[in-house]
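Observations on the three-dimensional arrangement
Spelled out, the chains give:
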Amino acid sequence: MLRRIKSVKLLQSPFSLASRHRQITTKIDEHTHVTGANAFMAKGDVRTENVNVLPKTKYGGITHVTLLCGETIIGKQGAKYVKSLLSSARVPVDVQRIFVDQGTEYYNSVLRNRAAIHVDIVHDAVSKKKSLKICNDLDLQVFLTNLRSFPGFNCRFPNVNIQLIAQNNMGNYAELEYSPVEGVVEGLRVVTSRDIKRFLRYAFKAVMEKKRQKVTLVHKSTEWPKTEGIMLDIAHNLQKKEFPDIELEPMELDKCVARLMLDPGYFDVLVTSDLYGTFMATICSAICGGANLFSSTEIGEHHAVFKPLQTKLSLTNYKVLSPYGIVSTCVDLMHHLGHDDCANALWTEMIRTMESGIKTADFKGTDRDEYVICNIMNQLRCNMFTEFRKND
C-alpha cells in the first residue's frame with residue numbers, strides 16, 4: 001500500500017510530467033519547429049475573454065485608421081497608393097502609418113483606431129505568428145472576400161460573383177501543437193459550438209444584408225465527423241429557426257472544388273471553416289483572374305483589418321502590389337466606416353478604367369500600376385470640380 005501511494009505521488013509531482021516535457025520539447029525545438037505544450041500562450045490561445053474596446057478615435061469629424069506597411073518596395077508603394085486614393089476620394093479619414101518592425105505598436109494602434117489597412121506582403125514564420133496573434137487578440141473571427149469576373153481580365157467564365165466567408169481565428173489558427181514524447185508530435189484543432197454559432201450567425205446576416213440567398217457550406221464531415229459535423233448541425237438549426245429565407249446547401253470540399261473549376265457561376269456564397277478559408281480563396285481568385293484583383297477583410301465585433309488579397313495569401317511572386325487590389329481594399333474600408341458615397345465613387349472609377357482598356361502587364365496590358373492609380377485619382381478630382389460647378 002505504501003509503495004502504491006509513493007508511486008502515485010511520484011506521478012503527480014511537477015517534475016515527472018511538466019519538467020520532463022520541457023526537457024524533451026526544448027531538445028526537439030533546437031532542430032525542428034515543434035513547440036512546447038504551453039507555447040500556444042505566446043502564439044494565441046483559444047479566446048475565452050472579451051476584447052478591450054477603446055473609444056473611437058474620431059476627432060473633428062475625421063476617422064483615424066492604422067496603415068501597416070514595411071520598408072520594402074511593396075510596402076512603400078502600397079502606403080503611397082492608399083494615402084493618395086483616400087485623399088482623392090475626399091473621405092474624412094486620416095492614416096496612422098505603422099511599420100512592420102515596430103513590435104506591439106501595430107496592435108496598440110489597431111486597438112485604438114479599430115480599423116487598419118495592411119499593405120505589406122509577409123510570409124516568414126515571425127510575421128505569420130504576429131498576424132495570427134492579432135486575429136486572436138482582437139478576435140477577428142471572420143475572413144471575407146468577394147471574388148468576381150471582370151471582362152477581359154483573365155476570367156474564362158462570365159458572371160462569376162462569389163462571396164467567400166470563412167472562420168479566421170479558431171481551430172488550426174490557435175496552433176496547438178506539441179511533442180508529448182520525443183519523436184511524436186500532436187496537433188490539436190479545438191472548436192466550440194458557441195464560436196461556431198457566432199460565426200455562422202454573422203455569415204448568414206452578411207448574406208441577408210447583401211441580398212444573396214444561396215449558401216454553400218463547404219466541409220469534409222466524412223473525414224472529420226466530429227469537428228466538421230458540429231458545424232453542419234448548427235448551420236441547419238440556425239437556418240431553420242432564424243434564417244428560413246436562406247437556401248443552405250452542404251457540399252463536400254472535393255466536390256465543391258471540382259464544380260468550381262467547371263462551373264463557378266453555380267455558386268453564390270461559400271461558407272467554410274478555418275481549414276479551407278485561404279485554400280478556397282486561392283482557388284476562387286485564380287478562377288476569376290488572379291488574387292491581385294481582389295481585397296479581403298478580417299473582422300470581429302469591434303475591429304477590422306483590410307488587406308489586398310495577395311497580401312492575405314502572402315503571394316510573393318509579384319514585385320509590386322496590384323492597383324486593383326489596393327483600390328478594392330480602400331472601397332471595403334470606406335463602406336465599413338459608413339462612407340458609402342465615397343466608396344461607390346472610387347469603385348465606379350476603377351470599373352471605368354477596366355472597361356476603357358486600361359490594363360497592367362498582369363492582364364496583357366501596357367499601363368503601369370501608377371498610371372492606373374493616377375487615372376482614377378484624376379477622374380475623382382475632375383468629378384469634384386464638376387460638382388462644384390453644378391452647385392454654383
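Report on the accompanying structure.

What follows deals with the packing of helix 9 (residues 253-262) against helix 10 (residues 277-287). Put simply, helix 9 and helix 10 touch, their axes get as near as 10 Å, and they point 15° apart. Comparing the axis directions of helix 9 and helix 10 gives the class roughly parallel. Our pair here, helix 9 against helix 10, has a crossing hand that is right-handed. Residues Leu-253, Cys-256, Val-257, Leu-260 and Met-261 of helix 9 lie in contact with helix 10, whose contacting residues are Phe-279, Met-280, Ile-283, Cys-284 and Ile-287. Of the residues assigned to the contact of helix 9 with helix 10, the class counts are 10 nonpolar, no polar and no charged.

In the structure shown here, the tally under the stated rule is 7 aromatic pairs. Arranged with centres 5.4 Å apart and planes meeting at 70°, the rings of Phe-204 and Phe-243 form a pair that is edge-to-face. Residue Phe-204 is found in helix 7 (residues 193-209), and its partner Phe-243 is found in the loop between helix 8 (229-241) and strand 10 (247-252); the two are separated by 39 residues along the sequence. Phe-243 carries the same exposure label as Phe-204, and that label is buried. Taken together, the ring pairs in this structure connect Phe-150, Phe-294 and Trp-347 into an aromatic cluster. Seen from the ring of Phe-143, Lys-312 lies directly overhead, with NZ or CZ sitting 4.8 Å from the centre. The ring of Phe-153 carries Lys-359 above its face, with NZ or CZ at 5.3 Å from the centroid.

Right, let's talk about the side chain of His-118 for a bit. Turning to its location among the elements, His-118 is positioned in strand 4 (residues 115-118). Owing to a relative accessible area of 6%, His-118 belongs among the buried residues under this scheme. In this structure the side chain of His-118 is engaged in a polar contact, spanning 3.1 Å, whose partner is the backbone oxygen of Asp-120. If we skip the residues at most four places from it in the chain, His-118 touches Leu-68, Tyr-106, Val-305, Phe-306, Lys-307, Pro-308 and Thr-311.

The final tally for this structure, using the stated rule, is 2 cavities of 30 Å³ or more. By volume, the second largest cavity amounts to about 30 Å³. Every residue along the wall of the second largest cavity is listed here: Gln-167, Arg-189, Val-191, Ile-196, Thr-227, Glu-228, Met-231 and Ser-273. Per-class residue counts for the lining of the second largest cavity are 3 nonpolar, 3 polar and 2 charged.

Turning to helix 9, a few remarks are in order. Because an α-helix completes one turn every 3.6 residues, residues spaced three or four positions apart along the sequence face the same direction. Among the residues making up helix 9, those that are buried are Leu-253, Cys-256, Val-257 and Leu-260. Down the axis of helix 9, the buried set is contained in an arc of 95°. They therefore lie on one face. Among the exposed residues of helix 9, those pointing more than 90 degrees away from its buried face are Asp-254, Lys-255 and Leu-262. Taken together, the buried residues of helix 9 touch strand 6 (161-167), strand 9 (214-219), strand 10, strand 11 (269-272) and helix 10.

Applying the stated criterion to the full structure yields 16 salt bridges. Here Lys-307 and Glu-298 are joined by a salt bridge, their closest N and O atoms 3.3 Å apart. Accessibility expressed as a relative area gives 3% for Glu-298, which makes it buried. Taking the shortest distance from any N to any O, the salt bridge between Arg-368 and Glu-370 comes out at 3.6 Å. A cluster of three or more residues bridged by salt bridges with shared partners is formed by Asp-139, Arg-194, Asp-195, Arg-198 and Glu-301.

A word on the packing of helix 4 (residues 73-88) against helix 12 (residues 323-337). One can describe the packing of helix 4 onto helix 12 by two numbers: an axis separation of 10 Å at closest approach and a directional angle of 50°. Taken together, the axis directions place helix 4 and helix 12 in an arrangement best described as oblique. Considering the relative orientation of helix 4 and helix 12, their crossing is right-handed. For the pair helix 4 and helix 12, the contacting residues are Gly-78, Tyr-81, Val-82, Leu-85 and Leu-86 in the first and Ile-326, Val-327, Cys-330, Leu-333 and Met-334 in the second. Of the residues belonging to the contact of helix 4 with helix 12, the class tally is 9 nonpolar, 1 polar and no charged.

Moving on, we come to helix 13 (residues 340-355). Over its 16 residues, helix 13 runs 22 Å from end to end, which matches the ideal 22 Å to within 8%, given 1.5 Å per residue. Listing the buried residues of helix 13 in full gives Cys-342, Ala-343, Leu-346, Glu-349, Met-350, Ile-351, Thr-353 and Met-354. One or two residues past the end of helix 13 sits Gly-357, with phi positive at roughly 90°.

Our focus in this paragraph is the pairing of strand 2 (residues 62-69). A large share of strand 2 lies buried, amounting to 6 of its 8 residues. Here 7 bridges tie strand 2 to strand 3 (residues 93-99), and the two strands are oriented parallel to one another. Within the sheet, the bridge partner assigned to Thr-66 lies in strand 3 and is Gln-96. Note that the unit made of strand 2, helix 4 and strand 3 has a crossover that is right-handed. With 3 bridges connecting them, strand 2 and strand 4 associate as parallel partners. If you follow Leu-67 over to strand 4, its bridge partner there is Ile-117.

Basis of the calculations
- Residues numbered from 1 in each chain as written.
- Predicted model: local features only at pLDDT ≥ 70, side-chain atom pairs only at ≥ 80, totals over all residues.
- Heavy atoms only, no water.
- Axes fitted to C-alpha atoms, helices over the stretch in contact; angles between N-to-C directions.
- Helix = DSSP H or I, 4+ residues; strand = E, 2+ residues; numbered from the N terminus.
- Parallel < 35°, antiparallel > 145°, perpendicular 65-115°, else oblique.
- Left-handed = near helix turned anticlockwise from the far one by under 90°.
- Contact = heavy atoms within 4.5 Å.
- Nonpolar A, V, L, I, M, F, W, Y, C, P; charged D, E, K, R; others polar.
- Phe/Tyr/Trp six-rings, centres within 6.5 Å; stacked < 30°, edge-to-face > 60°.
- Buried < 20%, exposed > 50% of the residue type's maximum accessible area, 1.4 Å probe, protein only.
- Lys NZ or Arg CZ within 6 Å of the ring centre and 35° of its normal.
- Polar contact = N/O pair within 3.5 Å; in protein donor to acceptor, adjacent residues only side chain to side chain.
- 1 Å grid on protein atoms, 1.4 Å probe; cavity = no way out; pocket = protein on both sides within 12 Å on 5 of 7 lines; lining within 4 Å.
- Points joined across faces, edges and corners; volume = space filled by probe spheres on them.
- Arc of directions from axis to C-beta.
- Salt bridge = Lys/Arg side-chain N within 4 Å of Asp/Glu carboxyl O.
- Expected span 1.5 Å × (residues − 1).
- Pairing = 2+ DSSP bridges.
- Right-handed = clockwise from strand over helix to strand, strands pointing away.

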